[in-house]
Amino acid sequence: MSRAAFNFSPGPAVMPEPVLRQAAEELLDWRGTGMSVMEMSHRGPAFMSIYEQAVADLRDLLAIPDDYAVLFMQGGALAQNPLVPLNLLGEGGAADYLITGQWSLKSAKEAARYGAIRVVADAAQGGRGYTSVPPQATWQLSRDARYLHLCANETIDGVELEGPPAQGTAPHEVPLDLPVVADMSSNIVSRPIDVRRYGLIYGGAQKNIGPAGLTFVIVRKDLLGRAHPLTPSAFNYSVVAESGSMYNTPPTYAIYLAGLVFQWLKAQGGVAGIAAVNATKAKLLYDAIDASELYENRVDPPWRSRMNVPFFLRDERLNECFLEEAKAAELLQLKGHRVVGGMRASIYNAMPLEGVQALVEYMQDFERRRA
Ligand SMILES: *Cc1c(COP(=O)(O)O)cnc(C)c1O
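In short, a report on the structure. As the structure is a prediction and not an experimental result, all values here were calculated from the model.

## Side note on the packing of aromatic side chains
Then, in step 1: In total, this model carries 9 aromatic pairs according to the counting rule given.
Then, in step 2: With centroids separated by 5.9 Å and ring planes inclined at 65°, the aromatic side chains of Y295 and F322 adopt a geometry described as edge-to-face. Placement of the pair is Y295 in strand β11 (residues 295-296) and F322 in helix α8 (residues 319-328), with a sequence separation of 27 residues. In this structure, Y295 and F322 share a single accessibility class: buried.
Then, in step 3: Considering the side-chain rings of F322 and Y362, the 5.2 Å spacing of their centres and the 55° angle between planes classify their relative orientation as tilted. You can see F322 sitting in helix α8 and its partner Y362 sitting in helix α9 (residues 353-370), a full 40 residues away along the chain. An identical accessibility class is assigned to F322 and Y362; each is buried.
Then, in step 4: Members of the aromatic cluster, connected to one another through ring pairs, are Y295, F311, F322, Y362 and F366.
Then, in step 5: Across the ring face of F312, the terminal group of R298 is positioned such that the distance to the ring centre comes to 3.6 Å.

See below:
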């Protein structure tokens, strides 16, 4: 039996069905231990093997170099907004923030309570909301910044960066010794990345990795040991790294599920394999929107997210009806974020191509019936 509905939730989001099946099978008794994973000591050999495999698989999937630590924490991406400056700025210190949407805006505002935060560019200054990214040549980098923060994929606005900023010694380039810090909550493991181009990568797991409650932090080890003295120990990257994410009890069941997702991803051809499917899914949906008279996506094509596709009905009076009929067609959670309005289809790794095909067919049928 498989589920009939396709779930386009922005997060917590759809999980790969084989993962849920395996978790269900193993729920009561994990591989003859007589215990559910959620009943095990986090320091015992059974859970340690689950944890170590999950970290090793994530390292494999993203080709994370040895001089980077992989931390599993709690608190979600929003908890990282104060923790990044607390851990990287120490006492005093400045940091640069690129604003490309709601999430990076939130990051900058929260960080400003902990250090001197400079906005290098704000995409909304163009007057069209968050629909593109200002050219790097216009960014105002500050000379004394300890890091540059950006959001790799703006989940609410549907704006995604193609990759890290250009780094080098030319005037408009990001200096090589300025660590780039990226919120990758909603596009981690959706496409290959060069981890070396970042000092720190973080995010909540509930979009592309697993259930809510797990936060991943991938940090270059030379950035450890700089924390403000008042940084809580459980959220001090050095403490978490030294204890192998076991300073306090980690979210064990969420780590187990993330591990199953990583194994599923490897079976899909890894991050490169899933990236090809993601590109196909996104193209199918954007092409359908662009070809229609009814639907519209307002993000400049080079910056359109492959994970989150916000769109509007040109006749907004049809919104309720669109959502009701979608639900009846078993296409779930398509309502847009309240800040942006309209609709949003989140098409993360675990959304199969058939789900996007079903959505496109529904949208075309809905439009035909209104013509
Ligand atoms: C969902 C999301 C967040 C917020 O994550 P929480 O886990 O709820 O704190 C932050 N940034 C991005 C890019 C997101 O997609």
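## Examining the site of the ligand
Then, in step 1: G76, A77, L78, W103, C151, N153, T155, D183, S185, S186, Q206 and K207 make up every residue found near the ligand.
Then, in step 2: Between A77 and the ligand, the recorded distance is 3.1 Å, taken from a backbone N or O atom to an oxygen atom.
Then, in step 3: Taking L78, its main chain carries an N or O atom lying 2.8 Å from an oxygen atom of the ligand.
Then, in step 4: Relative to its unbound accessible surface of 390 Å², the ligand loses 86% to contact with the protein.
Then, in step 5: Here the element with the most residues in the shell around the ligand is helix α3 (residues 76-89); it accounts for 3 residues.
Then, in step 6: Taken together, the residues that form the shell around the ligand break down as 4 nonpolar, 6 polar and 2 charged.

## Some remarks on the side chain of R220
Then, in step 1: The residue R220 is located in strand β10 (residues 215-220) in this model.
Then, in step 2: Filtering out sequence-adjacent residues up to four positions away, R220 remains in contact with D67, Y68, P179, Y198 and G199.

## A short note on the sheet that holds β11
Then, in step 1: Spatially, 3 strands are ordered β11-β12-β14 in an open sheet, and the strand pairing comes out antiparallel. Every other strand in the sheet has two partners, leaving β11 and β14 (343-346) as the edge strands with one partner each.
Then, in step 2: Looking at chain direction, strand β12 (residues 308-313) and β14 are connected through 4 bridges and run antiparallel. Across the sheet, residue V309 finds its bridge partner in β14, namely A345.
Then, in step 3: Relative to the sheet, helix α7 (residues 270-290) contacts β11, β12 and β14, its axis offset from that of β12 by approximately 15°.

## Observations regarding the sheet that holds strand β9 (residues 200-204)
Backbone-to-backbone hydrogen bonds join strands into a sheet, with any given pair of strands oriented parallel or antiparallel.
Then, in step 1: Spatially, the 7 strands line up as an open sheet ordered β2-β10-β9-β8-β5-β3-β4, and their pairing is mixed. One side of each edge strand has no neighbouring strand; the edge strands of this open sheet are β2 (68-73) and β4 (116-122). The average undirected angle you get between the axes of adjacent strands in this sheet is 20°.
Then, in step 2: One ladder, built from 6 bridges, connects β2 with β10; its direction is antiparallel. Each bridged residue has a counterpart across the sheet, and for L71 the counterpart in β10 is V217.
Then, in step 3: Contacting β3 (94-99), β4, β5 (145-151), β8 (180-183) and β9, helix α4 (residues 102-111) crosses the sheet at an angle of about 160° to β3.

## Some details on α9
Then, in step 1: Spanning 18 residues, α9 covers 26 Å between terminal C-alpha atoms, matching the ideal 26 Å at 1.5 Å per step.
Then, in step 2: Among all positions in α9, only G355, V356, L359, V360, Y362, M363, F366 and E367 are buried. One face of α9 carries all of its buried residues, which in axial projection span an arc of 160°. Turned more than 90 degrees from where α9 packs its buried face, E361 and R368 sit exposed.

## Considerations on the pattern of salt bridges
Then, in step 1: Across all of its chains, the model carries 19 salt bridges by this definition.
Then, in step 2: For R196, the salt bridge goes to D67, with nearest N and O atoms at 3.2 Å. Taken together, the positions of R196 in the loop between β8 and β9 and D67 in the loop between α2 (45-62) and β2 put the pair 129 residues apart, joining distant regions of the chain.
Then, in step 3: For D67, a relative accessible area of 32% corresponds to the partly exposed category.

Scoring rules and cut-offs
Residues numbered from 1 in each chain as written. Predicted model: local features only at pLDDT ≥ 70, side-chain atom pairs only at ≥ 80, totals over all residues. Heavy atoms only, no water. Phe/Tyr/Trp six-rings, centres within 6.5 Å; stacked < 30°, edge-to-face > 60°. Helix = DSSP H or I, 4+ residues; strand = E, 2+ residues; numbered from the N terminus. Buried < 20%, exposed > 50% of the residue type's maximum accessible area, 1.4 Å probe, protein only. Lys NZ or Arg CZ within 6 Å of the ring centre and 35° of its normal. Near = heavy atom within 4 Å. Polar contact = N/O pair within 3.5 Å; in protein donor to acceptor, adjacent residues only side chain to side chain. Areas by Shrake-Rupley, 256 points an atom, 1.4 Å probe, with all protein chains shown as cover. Nonpolar A, V, L, I, M, F, W, Y, C, P; charged D, E, K, R; others polar. Contact = heavy atoms within 4.5 Å. Pairing = 2+ DSSP bridges. Axes fitted to C-alpha atoms, helices over the stretch in contact; angles between N-to-C directions. Expected span 1.5 Å × (residues − 1). Arc of directions from axis to C-beta. Salt bridge = Lys/Arg side-chain N within 4 Å of Asp/Glu carboxyl O.

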